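# A look at the structure
Take a look at the letters that make up each chain.
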Amino acid sequence: MIGGYAGATDTGRKRRRNEDAYVVAPPLFAVADGMGGAQAGEVASKLAAAALEDTDSGSLAGPAKVTSLIQEANRRVHERANTDPATSGMGTTMTVALVEGETVTIGHVGDSRAYLVRDGKLEQITEDHSLVNELLKSGKLSREEAETHPQRSVITRAVGTDPDVDVDAFTLEAQQGDVFLICSDGLTDMVDDEDILDLVERHRGDLDRVTRSLVAAANRGGGEDNITVVAFAIADAGDTAPMPRSHADDDTLAGHPAVDTMVVPPEQIDEVLLDDSQAEAAPVRREPISPAARVRLVLTMLALLGLAAVLLVWGLLR
Ligand code: MN
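Everything in this summary refers to the structure shown in the same document. The shown structure was predicted, so the numbers you read here are calculated from the model rather than taken from an experiment.

Rules used throughout
- Residues numbered from 1 in each chain as written.
- Predicted model: local features only at pLDDT ≥ 70, side-chain atom pairs only at ≥ 80, totals over all residues.
- Heavy atoms only, no water.
- Phe/Tyr/Trp six-rings, centres within 6.5 Å; stacked < 30°, edge-to-face > 60°.
- Helix = DSSP H or I, 4+ residues; strand = E, 2+ residues; numbered from the N terminus.
- Buried < 20%, exposed > 50% of the residue type's maximum accessible area, 1.4 Å probe, protein only.
- Donors = N, O, S within 2.8 Å, 3.2 Å for Na, K, Ca; no water.
- Pairing = 2+ DSSP bridges.
- Axes fitted to C-alpha atoms, helices over the stretch in contact; angles between N-to-C directions.
- Salt bridge = Lys/Arg side-chain N within 4 Å of Asp/Glu carboxyl O.
- Patch = residues over 30% accessible without salt bridge, like charges linked within 9 Å, V, L, I, M, F, W, Y side chains within 5 Å.
- Areas by Shrake-Rupley, 256 points an atom, 1.4 Å probe, with all protein chains shown as cover.
- Lys, Arg positive; Asp, Glu negative; His and termini not counted.
- Charge placed at Lys NZ, Arg CZ, Asp CG, Glu CD.
- Contact = heavy atoms within 4.5 Å.

A complete count under the given rule lists three aromatic pairs for this structure. With centroids separated by 5.9 Å and ring planes inclined at 55°, the aromatic side chains of tyrosine 5 and phenylalanine 29 adopt a geometry described as tilted. One end of the pair, tyrosine 5, is in strand S1 (residues 2–10); the other, phenylalanine 29, is in strand S3 (residues 28–35), and 24 residues separate them in sequence. A relative accessible area of 0% means that phenylalanine 29 is categorised as buried.

Our focus in this paragraph is the coordination of the manganese ion. Every protein donor of the manganese ion is accounted for by Asp33 (OD), Asp185 (OD) and Asp225 (OD), and the metal-donor separations fall at 2.1 to 2.2 Å. On the primary sequence, the residues serving as donors to the manganese ion are separated as D-x151-D-x39-D. Here aspartate 185, found in helix H5 (residues 185–188), pairs with aspartate 225, found in the loop between helix H7 (207–220) and strand S11 (227–234); they are 40 residues apart in sequence, far enough to count as distant. Since its relative accessible area comes to 13%, aspartate 225 is described here as buried.

With antiparallel pairing, the five strands of this open sheet are ordered in space as S1-S11-S10-S7-S8. Edge positions in the sheet fall to S1 and strand S8 (121–124), since each of these pairs with one other strand and no more. Neighbouring strand axes in the sheet, compared pairwise and without regard to direction, differ in orientation by 15° on average. The sheet contact formed by S1 and S11 spans eight bridges and is antiparallel. Considered in S11, the bridge of alanine 8 is made with valine 229.

All chains considered together, the criterion is met by 15 salt bridges. A salt bridge links arginine 75 to glutamate 72; its shortest N-O distance comes to 3.0 Å. Taken together, the positions of arginine 75 and glutamate 72, both in helix H2 (residues 62–83) and three residues apart, correspond to about one turn of that helix. Put simply, aspartate 178 and arginine 118 hold a salt bridge, and the shortest N to O gap is 2.7 Å. With aspartate 178 in the loop between strand S9 (168–173) and strand S10 (179–183) and arginine 118 in strand S7 (residues 113–118), this residue pair connects regions lying 60 residues apart in the sequence.

Taken together, Glu144, Glu145, Glu147, Asp192, Asp193, Glu194 and Asp195 make up a surface patch of like negative charges. Those elements that place two or more of their residues in the negative patch are helix H4 (143–148) and helix H6 (193–202). In this fold, glutamate 194 is placed in helix H6.

On to unusual backbone geometry. In this structure, the amide linkage connecting proline 26 to the following residue, proline 27, adopts the cis form with an omega of 10°. Mapped onto the elements of the fold, proline 27 is located in the loop between strand S2 (20–25) and S3. Despite not being glycine, aspartate 119 has its phi angle at roughly 50°, a positive value. Within the fold, aspartate 119 resides in the loop between S7 and S8.

Attention now goes to the environment of arginine 143. Note on placement: arginine 143 falls in helix H4. Arginine 143 gets classed as exposed once you look at its relative accessible area, which sits at 56%. In this structure, the C-alpha to C-alpha distance between arginine 143 and asparagine 133, residues ten residues apart in sequence, is 9.2 Å.

Attention shifts here to the environment of alanine 169. Following the sequence through the fold, alanine 169 ends up in strand S9. Leave out the neighbours within four places in its chain, and alanine 169 touches Pro63, Thr67, Ile106 and Gly107.

Turning our attention to the pairing of S3. Within S3, seven of the eight residues are buried, which leaves it mostly tucked inside the rest of the structure. Bridging between S2 and S3 involves six bridges; their strand directions are antiparallel. When the bridges of S3 are listed, valine 23 appears paired with alanine 30. Connecting S2 to the antiparallel partner S3 that follows it, the hairpin turn spans two residues. Relative to strand S5 (residues 94–100), S3 is paired through four bridges, and the arrangement is antiparallel. By the bridge assignment, valine 31 is partnered in S5 with threonine 95.

Geometry only, nothing functional implied.
Here you go:
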């Protein structure tokens, strides 16, 4: 069963618009990273995300269900691109996770990745449909070259650019304690695996914190692209641990910003980071009044008492 979940998205520090979208609608989770001129990228990712949420896939389950959801998203984005000249040629990546009991099905198109954190290790479980990954697989590029390749954002498959799309879908047996991440390349281009793992492990009890700290790390790393992270954890069926905070009744779509979507503008990054470290050092419960405020209060009262005494003496002496 699902033990907790969260999602966060941010424009980053270089882009003017956020063309990413995400879905946090348990048992369904997804990230879409749109592309296209003007505002078309935003239209594509939001249409695809909305399609996921309101498509009834009937009695389908597992890979068949996830594939059919992504294909429906493909139909909708493609149809819009064909009828609205302003969005011609638009497309989006789409990476979806569906939790059914003890199994997690992943389906994806493009280079938004899914990761599994298990037993202290971070494993990328999707294979990017990207030019750079093709070059890497055929031995034409080294991993180091791939990381800085000027065309590393070129994808080889997208949702919406063609009438049909090939979806990679597979199922994993989940284990208690697993944390799954789905993220756009704005995270993975800016933060290395070691740091992603470190932040997940450090805050794993609070997935909201996980997603926010990953977004902050990507901004610290340059924030060159939109950054989106969705996280969910697997708990034991008998586990009564409460969910960190329910997203169940928001619409969970980026674009209709969810109340708990944490956006971190560049100028507030240091604040967020500061807050992070303070929160860690501080006890779980916050005092209603800080020690500094208490000292100020006592000093103010002493000053008032002193003033009253002076006035009293002055009054008596007159
Ligand atoms: Mn991107």
